[in-house]
Amino acid sequence: MQPIQENPDLSAYLAADEVIDHHHPRVRDTAARLAEGVADSYEYARAAFEFVRDGIAHSQDSGDLRVTWRASDVLEQRTGICYAKAHALAALLRAEDIPTALCYQKFDEVHGLVAVRFNGAWHRQDPRGNKPGVDAQFSLDGERLAYVPDPASNELDYPVLYAAPHPAVLDALRAAPDRPHLWQTLPTAL
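Rules used in this analysis
Residues numbered from 1 in each chain as written. Predicted model: local features only at pLDDT ≥ 70, side-chain atom pairs only at ≥ 80, totals over all residues. Heavy atoms only, no water. Helix = DSSP H or I, 4+ residues; strand = E, 2+ residues; numbered from the N terminus. Rg over C-alpha atoms; globule rule 2.2 N^0.38 Å. Contact = heavy atoms within 4.5 Å. Areas by Shrake-Rupley, 256 points an atom, 1.4 Å probe, with all protein chains shown as cover. Lys, Arg positive; Asp, Glu negative; His and termini not counted. Charge placed at Lys NZ, Arg CZ, Asp CG, Glu CD. Phe/Tyr/Trp six-rings, centres within 6.5 Å; stacked < 30°, edge-to-face > 60°. Buried < 20%, exposed > 50% of the residue type's maximum accessible area, 1.4 Å probe, protein only. Lys NZ or Arg CZ within 6 Å of the ring centre and 35° of its normal. Core = buried A, V, L, I, M, F, W, Y, C linked by side-chain atoms within 4.5 Å. Arc of directions from axis to C-beta.

A look at the overall build of the protein
Secondary structure summary: the protein contains seven helices and eight strands in total. On C-alpha atoms alone, the protein measures out to a radius of gyration of 15 Å, which is about the 16 Å that the 2.2 N^0.38 rule sets for 190 residues. If you line up the protein on its principal axes, its C-alpha atoms span 40 × 35 × 35 Å. Long-range pairs, those at least 24 residues apart, make up 61% of the contacts in the protein between residues at least 6 apart in sequence. Of the roughly 8500 Å² that the protein leaves accessible, carbon and sulfur atoms contribute 48%. Computing the positive centroid from 18 side-chain charges and the negative centroid from 28, the protein places the two 3 Å apart.

Here it is in structure tokens:
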């Protein structure tokens, strides 16, 4: 799959907004802690990825009923589904001037992940969290995602790299009072 930037201006993938609020003190403090002792932006990106993947529970896996969507809230509450975890990782990476896009896959519902830009190319990363049967790893040498779509089952990788969350995803997150409600309203396609 050849990724397609939604916005040709790379600075859009460094921007802060209401969701990827990387100017928030909680995001800045977390980014500063993760940056301590790392040698370069590659090591920082790996550290941020592993922090979100392993340090923030996937709410479906943990049974947490809360719905988070703003990066600073995900970091505070330490929970979120794939989209929320992608928002948190995007904020942490953008806080350190690493261009980061939001991207999606289609399974029974839409799955969220990120892409980071290094060496003139985009590299998708999936911080959803590992569990039996899921082994996502940070990699710039080939994808190590949580899931690989099966085209025979109408699963696919959406090629568009978004600078901000897709409106259908964000609408579902904002409207959900809890995770069971969210599960009924998640987008099944973009």
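Side note on the packing of aromatic side chains
Under the definition given, this model contains six aromatic pairs. For the ring pair Tyr83 and Tyr104, a centre distance of 6.3 Å and an interplane angle of 55° mean the geometry is tilted. With Tyr83 in helix H5 (residues 82–95) and Tyr104 in strand E4 (residues 100–106), this residue pair connects regions lying 21 residues apart in the sequence. In this pair, the class of Tyr83 matches that of Tyr104, namely buried. Taken together, the aromatic side chains of Tyr83, Tyr104 and Tyr162 make up a single cluster linked through ring pairs. Positioned above the aromatic ring of Trp69, the side-chain terminus of Arg174 is 4.8 Å from the ring centre. Of note, Arg179 hangs over the ring of Trp183, and the distance from its end group to the ring centre comes to 5.9 Å.

Side note on the environment of Leu161
By the element assignment, Leu161 lies in strand E8 (residues 160–161). You can call Leu161 buried: its relative accessible area is 1%. Counting along the chain gives 155 residues from Leu161 to Glu6, while the straight-line C-alpha distance between them is 5.6 Å. Residues within four places of Leu161 in sequence aside, it is in contact with Pro3, Ile4, Gln5, Glu6, Tyr13, Ala101, Leu102, Cys103, Ala115 and Trp122.

Considering the side chain of Arg128
On the secondary structure map, Arg128 appears in the loop between strand E6 (121–125) and strand E7 (156–157). Apart from residues lying up to four places away in sequence, Arg128 is in contact with His58, Asp61, Cys82, Lys85, His111, Val134, Ala146 and Tyr147.

Some details on the nonpolar core
Nonpolar side chains tend to gather and get buried jointly when the protein is soluble and globular. Membership of the largest hydrophobic core comes to 45 residues, with the highest contact counts inside it found for Tyr44, Tyr83, Leu92, Leu93, Leu102 and Tyr104. At the level of elements, helix H1 (25–35), helix H2 (41–55), helix H4 (71–77), H5, E4, strand E5 (110–118) and helix H6 (167–175) are the ones that each hand at least two residues to this core. The leading source of residues in this core is H5, at eleven residues. Grouped together as the second largest cluster of nonpolar side chains are ten residues, Leu113, Ala115, Leu145 and Ala163 included.

Observations regarding H6
Within H6 the residues assigned to the buried category are Val169, Leu170, Ala172 and Leu173. Considered in projection along H6, the buried side chains sweep an arc of 160° and stay on one side of the axis. Summarising the geometry of H6, the exposed residues directed more than 90 degrees from the buried face are Pro167 and Ala175. Here the buried face of H6 lies against H5, E4 and helix H7 (179–185).

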